[in-house]
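# Notes for the structure review
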Amino acid sequence: MIDKQEFRQDLIGWFEEEMRDLPWRKDQDPYKIWVSEIMLQQTRVDTVIPYFNRFMEQFPTIEALSGAEEEKVLKAWEGLGYYSRARNLHSAVKEVHEKYDGRVPDTPKEISALKGVGPYTAGAILSQAYGIPEPAVDGNVMRVLSRILLIEDDIAKASSRKVFEKAVRELISHENPSYFNQALMELGAIVCTPTSPSCLLCPVREHCTAFHEGVQHELPIKTKNKKQREVHLAAAVLKDDTGRTLIHKRAEKGLLANLWEFPNIEIHLPYKTEKEQLREALKLEFGADIALGEMIGTIEHVFSHLTWNIHVYEGTLIELKEEKPDLKVVSPEEIEVFPFPVSHQKMIKQFYK
DNA sequence: CATTCGTGGTA
DNA sequence: TTACCAAGAAT
């Protein structure tokens, strides 16, 4: 067993010297820490920085975000991915505004009840904003501790998180839980990396069982995820006589919920030609009277769990049968204010500019 | 417990 | 090119 006091000292001392200068580390505003932690879920620091800065300019306080339209929030999130994070954050911030008078709660029970705040984020906010010694176990922490303590549980399994939370509870500094948690993550991000850990630069290598046994490359244990499936879509860039195009708002649940897109359908077994299916769907599902033209290109877009292969058709929009809130006809200038997934941003760029 | 939910970077 | 990865949560 390692010397806990020395371990904490070496870890936190290193963090104080080497911590990166990040925009959400300028103060301990619970709202800023909250937003940063949501953005950082499964997302690299370098990707998050510009989004965080823009988001804070646009929604500087809980009150500002509470009063915002969801579409503005999604637009600010555009390109960051995992868009339910934005909708859950928006919803939870509204709840804090109304139920807690704008103050982010400081108990595990209350903060964990907020939408989008799971075990990791709860611990991150409680420790960093309020100095409460709660574990914040993310992928970095599991990797680092699997090596230091030689923990061989499969970190791909949900149940393993509790093993590491228990370990953190035994190790965490009660004097500075914020730095302790951040230092474990920072170490994982900078030194104790997945494929080639820089053990010779590691401030806690003397405490590391895996280093002593030379098995740091064998840890953590992580089973592979299975292969993703492919989905074939046909989409239409339809223009009316003034050059405007038809766009559609996606369903409020599921993939890319509430984002906008060019009207499209999934192609299954080709009982008819793809073009025929698209023409029929545009008429029946979208109520559009159209003249469908030729295929003008393809888009391939890779998600974490599936791949879209989109065949893009051009066409003429003659008329929309009825006004629906999920259908709009917009000009190239007007289309800019709607949040689109990256796959359809590619279509705007290639076929509607 | 396994799957769904994005995107861009990298070995 | 392929596979994996990056400060996870909801279902």
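Above this text sits the structure in question.
What comes next is a walk through the structure. (Residues numbered from 1 in each chain as written. Chains lettered and ligands numbered in written order. Predicted model: local features only at pLDDT ≥ 70, side-chain atom pairs only at ≥ 80, totals over all residues. Heavy atoms only, no water.)

### Notes on the overall build of chain A
Across its full length, chain A holds 14 helices and 7 strands. In terms of its C-alpha atoms, chain A occupies a principal-axis envelope of roughly 75 × 45 × 30 Å. For chain A, buried positions account for 50% of its 353 residues. Within chain A, contacts between residues separated by at least 24 positions form 66% of all contacts whose residues are at least 6 apart in sequence. Within the structure as shown, chain A displays about 18,300 Å² of accessible surface, and the carbon and sulfur contribution to it stands at 48%. (Helix = DSSP H or I, 4+ residues; strand = E, 2+ residues; numbered from the N terminus. Buried < 20%, exposed > 50% of the residue type's maximum accessible area, 1.4 Å probe, protein only. Contact = heavy atoms within 4.5 Å. Areas by Shrake-Rupley, 256 points an atom, 1.4 Å probe, with all protein chains shown as cover.)

### Focus: the protein's contact with DNA strand C
Residues in close proximity to DNA strand C total 27 residues, the closest being Q42, G116, D138, N140 and P194. Within the side chain of R44, a nitrogen or oxygen atom sits 3.3 Å from a base oxygen of DNA strand C. Between DNA strand C and G139 there is a distance of 3.5 Å, counted from a phosphate oxygen to a backbone nitrogen or oxygen. Of all elements in the fold, only helix 2 (30–40), helix 8 (119–130) and helix 9 (139–148) reach the threshold of two or more residues within the surface near DNA strand C. The residue makeup of the surface near DNA strand C, split by class, is 9 nonpolar, 9 polar and 9 charged. (Near = heavy atom within 4 Å. Polar contact = N/O pair within 3.5 Å; in protein donor to acceptor, adjacent residues only side chain to side chain. Nonpolar A, V, L, I, M, F, W, Y, C, P; charged D, E, K, R; others polar.)

### Overview of the pattern of salt bridges
By the definition in use, this model includes 16 salt bridges. Put simply, R244 and D240 hold a salt bridge, and the shortest N to O gap is 3.2 Å. Overall, R244 belongs to the partly exposed group, its relative accessible area being 34%. (Salt bridge = Lys/Arg side-chain N within 4 Å of Asp/Glu carboxyl O.)

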